[in-house]
Amino acid sequence: MPFLKKIFANTEELEVEMQNKQRELSALQSKLERLWRFLPIAVCEINAEGIIKEGNDEFFRLFNIYKEGNYNKPLSDLFIEKGSFAEFLKNQNIGNQGFAFYDTENKRIYLQVYKTHIDGSTNTFVCFDNISEVKNLKSEMEEKIRIRIRDIEDSRVALLNMLEDTEEARARVEEEKVKTETIFTNFVDGLLVFDLNQELNLINSEAEKFLNISGAKFIGKNFSELKKEKNLESLFSILGNDMKEMFRKELIVSSDLILEVTSVFITAGKKKISFLVIMHDVTRERFIEDLKSQFVTVAAHQLRTPLSIIKWGLGMLLGGDVGKISKDQKDLLGKTFQTNERMIKLVNDLLNVSKIEEGKYLYQPKIIDMEALIRQICASSQEMIIKRNIDLAVEIDGSKSNKTIKADEEKMTLAIKNLLDNAISYTEAQGKITIKLSVEKSKIRISISDTGVGIPAKQQDRVFSKFFRGSNVVKMDTDGTGLGLFITKNIIEAHGGEISFKSKEGEGTTFLIVLPVAD
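So, here is what we can say about the structure in this document. (Residues numbered from 1 in each chain as written. Predicted model: local features only at pLDDT ≥ 70, side-chain atom pairs only at ≥ 80, totals over all residues. Heavy atoms only, no water.)

**Observations regarding the pairing of strand E4 (residues 108–118)**
Then step 1. Relative to E4, strand E3 (residues 97–103) is paired through 7 bridges, and the arrangement is antiparallel. Bridge pairing in E4 links Phe101 to Tyr110.
Then step 2. Across 10 bridges, E4 lies against strand E5 (residues 121–130) in antiparallel orientation. What sits directly across from Ile118, in E5, is Ser121.
Then step 3. Between E4 and the antiparallel strand that follows it, E5, lie 2 residues; Asp119 among them carries a positive phi value of about 50°. (Pairing = 2+ DSSP bridges. Helix = DSSP H or I, 4+ residues; strand = E, 2+ residues; numbered from the N terminus.)

As structure tokens, then:
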């Protein structure tokens with residue numbers, strides 16, 4: 001019987017083991033059910049006819065199905081418009097396993113199919129995944145890529161256009177550069193261009209000829225180096241040590257070459273970029289001016305003697321030295337005498353201009369009391385002032401300040417008298433002339449103001465030029481040579497003084513003379 005006992009013992013052990021296995025199998029089945037239920041991927045099981053046997057929660061959520069009990073409906077009802085699920089798999093070439101995509105109105109679904117064959121039955125598992133966001137993202141990316149490609153193409157076209165424009169601009173710039181260099185090289189005036197560090201950058205052939213130098217030798221040298229060169233000493237005696245602007249300053253290079261030097265800063269907007277020196281050949285102009293001056297001097301000297309004789313003869317006739325004359329004869333001779341006086345004044349003015357140009361105008365400088373001189377000039381002009389019915393006011397600084405200057409009395413008298421005569425001639429009857437004398441900071445200031453016709457604004461820059469007369473006074477019945485203000489300006493400047501004016505047409509003019517007080 002021991003054998004039977006052994007069999008029973010083994011049977012009991014086997015039953016215990018089977019019970020344990022059954023519990024493990026139940027636990028595993030429970031886990032699989034929970035996993036199936038909460039799996040984040042939509043999964044369903046269908047039979048061979050395509051009927052849904054079972055599906056997890058995610059499956060029913062994906063297709064918006066409210067499940068009550070078993071859902072025994074064909075899978076094809078959820079997303080296939082025509083035909084069965086088997087036909088769908090056939091159309092997608094899916095056998096035992098595979099994947100496919102399908103689109104609904106607002107979703108794109110990815111599905112995978114797994115078929116199992118157990119004990120002659122076929123079960124099919126279908127996994128679904130909503131990839132609409134991926135689709136949308138892909139569409140967005142494709143759209144962004146299309147936009148980017150289009151932008152890149154637009155940029156490429158724009159860049160090509162820019163390159164074409166740049167090339168055209170470069171060609172134009174090159175053409176302008178060649179033109180500029182050609183103009184610079186062949187310019188009739190001598191040109192030197194310095195950078196802001198005072199280094200010579202450019203010099204044209206005319207400047208090389210004027211200065212008798214080879215430009216290449218001096219390019220890159222600065223002011224301090226250039227002014228040591230023998231042929232450049234005279235030029236830099238005018239330019240000085242620093243770059244400064246000047247206008248038409250005369251430079252005598254040799255007996256047969258006279259230049260006018262002008263220097264200016266070249267600017268771009270308000271920024272200085274270089275310094276230009278222009279040398280203009282005025283040798284021929286100066287030669288012609290000298291010839292004219294010589295001719296005028298000779299002619300004036302030749303006229304002076306006969307005019308003086310005519311004056312002497314007319315004076316004798318008017319004085320009755322050669323017999324009694326009638327009233328009509330006296331009037332005619334008087335007019336002739338006045339005309340002769342104007343001719344004598346013109347000749348004297350022409351001789352004064354010649355002396356000024358020769359630098360031989362001041363002869364006898366001495367200490368002059370300007371108050372006494374002004375009163376003397378006013379007294380000598382009193383007859384003309386009364387005749388023209390003009391009010392003259394003289395205002396002298398009442399202080400005890402020094403009112404003397406060192407000057408050529410004859411020439412200083414002429415200068416101030418010229419201004420007073422102009423004021424009288426160009427002021428209408430019942431007008432007013434005011435002469436003021438004051439002393440400020442070792443300077444004597446003399447102003448002569450009138451309420452006359454004034455000087456046209458457009459002509460004021462020519463006031464001190466030779467033979468200038470304003471267009472508004474030429475029409476008036478006044479005599480004048482147009483040399484008085486030129487002579488006056490040169491006299492004042494020869495004494496170390498300055499002369500300026502302010503004028504408004506129709507309202508009057510004020511001339512201001514500033515002279516240094518005598519030591």
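That covers the picture; the talk isn't over yet.
**What to know about the sheet that holds strand E6 (residues 190–194)**
Then step 1. Read from one edge of the open sheet, 5 strands run E7-E6-E10-E9-E8, paired in antiparallel fashion. Each end of this open sheet is capped by a strand with a single partner; those strands are strand E7 (200–203) and strand E8 (246–254). Neighbouring strand axes in the sheet, compared pairwise and without regard to direction, differ in orientation by 25° on average.
Then step 2. The pairing of E6 with strand E10 (residues 271–281) spans 5 bridges and is classified as antiparallel. Across the sheet, Phe194 pairs through a bridge with Phe275, a residue of E10.
Then step 3. Against the sheet, helix H10 (residues 283–319) makes contact with E8, strand E9 (257–268) and E10, and its axis sits at roughly 130° relative to E9, the strand it touches most. (Axes fitted to C-alpha atoms, helices over the stretch in contact; angles between N-to-C directions. Contact = heavy atoms within 4.5 Å.)

**Notes on a negative patch on the surface**
Then step 1. On the surface, Glu12, Glu13, Glu15 and Glu17 cluster together into a patch of negative charge.
Then step 2. Positionally, Glu15 belongs in helix H1 (residues 2–38).
Then step 3. You can call Glu15 partly exposed: its relative accessible area is 45%. (Patch = residues over 30% accessible without salt bridge, like charges linked within 9 Å, V, L, I, M, F, W, Y side chains within 5 Å. Areas by Shrake-Rupley, 256 points an atom, 1.4 Å probe, with all protein chains shown as cover. Salt bridge = Lys/Arg side-chain N within 4 Å of Asp/Glu carboxyl O. Lys, Arg positive; Asp, Glu negative; His and termini not counted. Charge placed at Lys NZ, Arg CZ, Asp CG, Glu CD. Buried < 20%, exposed > 50% of the residue type's maximum accessible area, 1.4 Å probe, protein only.)

**Description of the packing of aromatic side chains**
Then step 1. Counted under the stated rule, the structure contains 14 aromatic pairs.
Then step 2. Note on Phe265 and Phe275: the rings are 5.0 Å apart at their centroids and 55° apart in plane angle, and the pair reads as tilted. Within this pair, whereas Phe265 is found in strand E9, its partner Phe275 is found in strand E10, the two being separated by 10 residues in sequence.
Then step 3. Judged by relative accessible area, Phe265 falls into the buried class, the value being 17%.
Then step 4. For the cation-ring pair, Lys272 lies above Phe265, with the distance from its terminal atom to the ring centre recorded as 4.1 Å. (Phe/Tyr/Trp six-rings, centres within 6.5 Å; stacked < 30°, edge-to-face > 60°. Lys NZ or Arg CZ within 6 Å of the ring centre and 35° of its normal.)

So yeah, pure geometry; function would need other evidence.
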